[in-house]
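# Coordinate analysis (summary)
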Amino acid sequence: MRHYTTFRQLEIFEAIARLGSFTRASEELYLTQPTVSMQMKKLSEMVGVPLIEQVGKKIYLTEDGQELAQATREIFGIMDRFTTLAAERQGLKKGQLRLMAITTASYFAPRLLGEFAKLYPGIEVSLRVTNKEQVLASIANNLDDLYLLGQPPEGMEIESTLIMDNPIIVLAAPDHPLAKEKNISLERLAQEPWLMREKGSGTRNAIERRFAEQGISVRPRLELGSNEAIKQAILTGLGISALSRHTLTLNQPGQFAVLDVQGYPILRHWYAIYPAGRQMSVAARAFLDYLLERSKQKNS
């Protein structure tokens, strides 16, 4: 196997095992789906056993596939440690930084990463933005250098560092009847049709907790799968919502009304997270230090 299996084949196989999809793996690796399928066929033929089986539209790893996935992660871990040592010898002239973030972080993470890349042009940077479940799976498998989350995950051995405030504000269309009201009560707010993210969303949990503290329950009119979908629904008059202030980064001032509500904004935070015990690369440590220094300057 070692004479014929390529590192690229293992990289493709790891992506399929992690993402559970040939299509998503091809998108992440910028390969065509036929190329991914062909490489996996070659890999399976090379090792002499089936690695992946398909049931309906879902794919699953065989027992041999699960063992190879674990071995592949160990191989990548060895390469990461080698890269880290090489980068340490080079200082910050060379190296690699792999970030993964939940969807809402897409409003600021690319900008921060771009600023960092300008400071250290020799560092090869990458960013994957996905849902919370995929981020937690990546943490569990120790696949990336740093993760940006709105809340440290419970029940996982991780190190977390607060890097930025994340205020949750109530948004409405500019012509909404409450747009010019002051000190709006939660009781009054609960009478409005609400638009919310799916159950399990950190922002939704924060909203529901704030109402529950006052003994108020709120049932969403619509559940939507992205912040941008919620913003569009707000502007079309379907209801109001509460989102991170960061979601307004790309919007024009005055495009939304920020309601003056009792108990808002809800102050949450952004965290940089990595698995406990992982040796941070020079590039990852430099990026974390950059985030902390940037936050310090902003708050001074």
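Residues numbered from 1 in each chain as written. Predicted model: local features only at pLDDT ≥ 70, side-chain atom pairs only at ≥ 80, totals over all residues. Heavy atoms only, no water.

## Quick word on the overall build of the protein
Cut-off, in case you're wondering: Secondary structure follows DSSP: runs of H or I at least 4 residues long count as helices, runs of E at least 2 residues long count as strands, and numbering of each begins at the N terminus. Throughout this description, buried means an accessible area under 20% of the type-specific maximum (1.4 Å probe, protein chains only), exposed means over 50%, and partly exposed covers the range between. We call two residues contacting when some pair of their heavy atoms lies within 4.5 Å. Using a 1.4 Å probe, accessible areas were evaluated by the Shrake-Rupley method; residue-level cover was limited to the displayed protein chains.
When you go through the protein residue by residue, the secondary structure sums to ten helices and eleven strands. If you line up the protein on its principal axes, its C-alpha atoms span 70 × 50 × 35 Å. Taking all 300 residues of the protein together, 45% fall into the buried category. Within the protein, contacts between residues separated by at least 24 positions form 75% of all contacts whose residues are at least 6 apart in sequence. With the model as given, the accessible surface of the protein reaches about 16,300 Å², and the carbon-plus-sulfur share is 50%.

## Thoughts on unusual backbone geometry
Here the residue pair Tyr-264 and Pro-265 is connected by a cis peptide bond, since its omega of 0° sits within 30 degrees of zero. Take Pro-265: it is sitting in the loop between strand S10 (257-258) and strand S11 (266-275). We note that Tyr-30 has phi near 60°; this positive angle belongs to a residue other than glycine. Within the element layout of this structure, Tyr-30 appears in the loop between helix H2 (22-29) and helix H3 (33-47). Phi angles above zero are rare outside glycine, and Asn-183 is one such case at about 55°. Along the chain, Asn-183 turns up in the loop between strand S6 (158-172) and helix H7 (186-189).

## Considering the pairing of strand S2 (residues 58-61)
For clarity, the cut-off: Each pair of strands is called paired provided DSSP finds at least two bridges between the two strands.
The pairing of strand S1 (residues 52-55) with S2 spans four bridges and is antiparallel. For Val-55, the partnering residue across the bridge sits in S2 and is Lys-58. What sits between S1 and S2 in their antiparallel hairpin is a turn of two residues, with Gly-56 showing a positive phi close to 65°.

## Quick word on the pattern of salt bridges
Proximity of charged atoms lets side chains of opposite charge pair with each other. Our working rule: The term salt bridge refers to a pairing of a side-chain nitrogen on Lys or Arg with a carboxyl oxygen on Asp or Glu at a separation within 4 Å.
Under the criterion given, the structure shown has 15 salt bridges. Here Glu-192 ties to Arg-188 by a salt bridge, and the two come within 2.8 Å at their closest N and O atoms. Ionic pairing is found between Asp-289 and Arg-285, a salt bridge with its closest N-O pair at 3.7 Å. Within this pair, Asp-289 and its partner Arg-285 are both found in helix H10 (residues 282-299), separated by four residues, close to a single helical turn. Residue classification places Asp-289 among the partly exposed positions, given a relative accessible area of 39%. Sharing partners across several salt bridges, the network here consists of Glu-14, Arg-18, Glu-28, Arg-128 and Asp-144.

## Quick look at the nonpolar core
Condition: Here, nonpolar core means buried Ala, Val, Leu, Ile, Met, Phe, Trp, Tyr and Cys residues that are tied together by side-chain atoms lying within 4.5 Å of each other.
One finds Leu-97, Leu-146, Leu-148, Ile-163 and Phe-287 to be the most contacted residues of the largest nonpolar core, which totals 35 residues. Breaking this core down by element, the ones donating at least two residues are strand S3 (95-102), helix H5 (109-119), helix H6 (132-140), strand S5 (146-149), S6, S11 and H10. Ranked by residue count, the leading element in this core is H10, at seven residues. Those residues in contact with Leu-146 that sit more than four places away from it in its chain are Arg-98, Leu-99, Met-100, Ile-273, Tyr-274, Met-280, Ala-284, Phe-287 and Leu-288. With 21 residues, the next largest nonpolar core counts Ala-172, Met-196, Ala-206 and Val-218 among its residues.

## So, the pairing of S5
Side chains Leu-146 and Leu-148 project from S5 onto one buried face, and the interleaved Tyr-147 and Leu-149 project onto a second face that is buried too. Direction of pairing for S3 relative to S5: parallel, over a ladder of three bridges. Paired with Leu-99 across the bridge in S5 is Leu-146.

## Quick look at the packing of H2 against H3
Worth spelling out the cut-off: Axis lines are fitted to C-alpha atoms, over the contacting stretch for helices. Their N-to-C directions set the angle, which ranges from 0 to 180 degrees. Reported orientations rely on four angle classes, namely roughly parallel under 35 degrees, roughly antiparallel over 145, roughly perpendicular from 65 to 115, and oblique for the rest. Basically, the charged four are Asp, Glu, Lys and Arg, the nonpolar ten are Ala, Val, Leu, Ile, Met, Phe, Trp, Tyr, Cys and Pro, and anything else, Gly included, counts as polar.
The contact between H2 and H3 brings their axes to 9 Å, and the two run at 110°. Our classification of the angle between H2 and H3 gives roughly perpendicular. Here Phe-22, Thr-23 and Ser-26 of H2 come into contact with H3, specifically with Gln-33, Val-36, Ser-37 and Met-40. When its residues are assigned to classes, the contact of H2 with H3 shows three nonpolar, four polar and no charged.

## Brief notes about helix H8 (residues 202-212)
Taken together, the buried positions of H8 are Gly-202, Thr-203, Arg-204, Ala-206, Ile-207, Arg-210 and Phe-211. Of the surrounding elements, those touching the buried residues of H8 are S6, H7, strand S7 (194-196), strand S8 (220-223), strand S9 (241-244) and S11.

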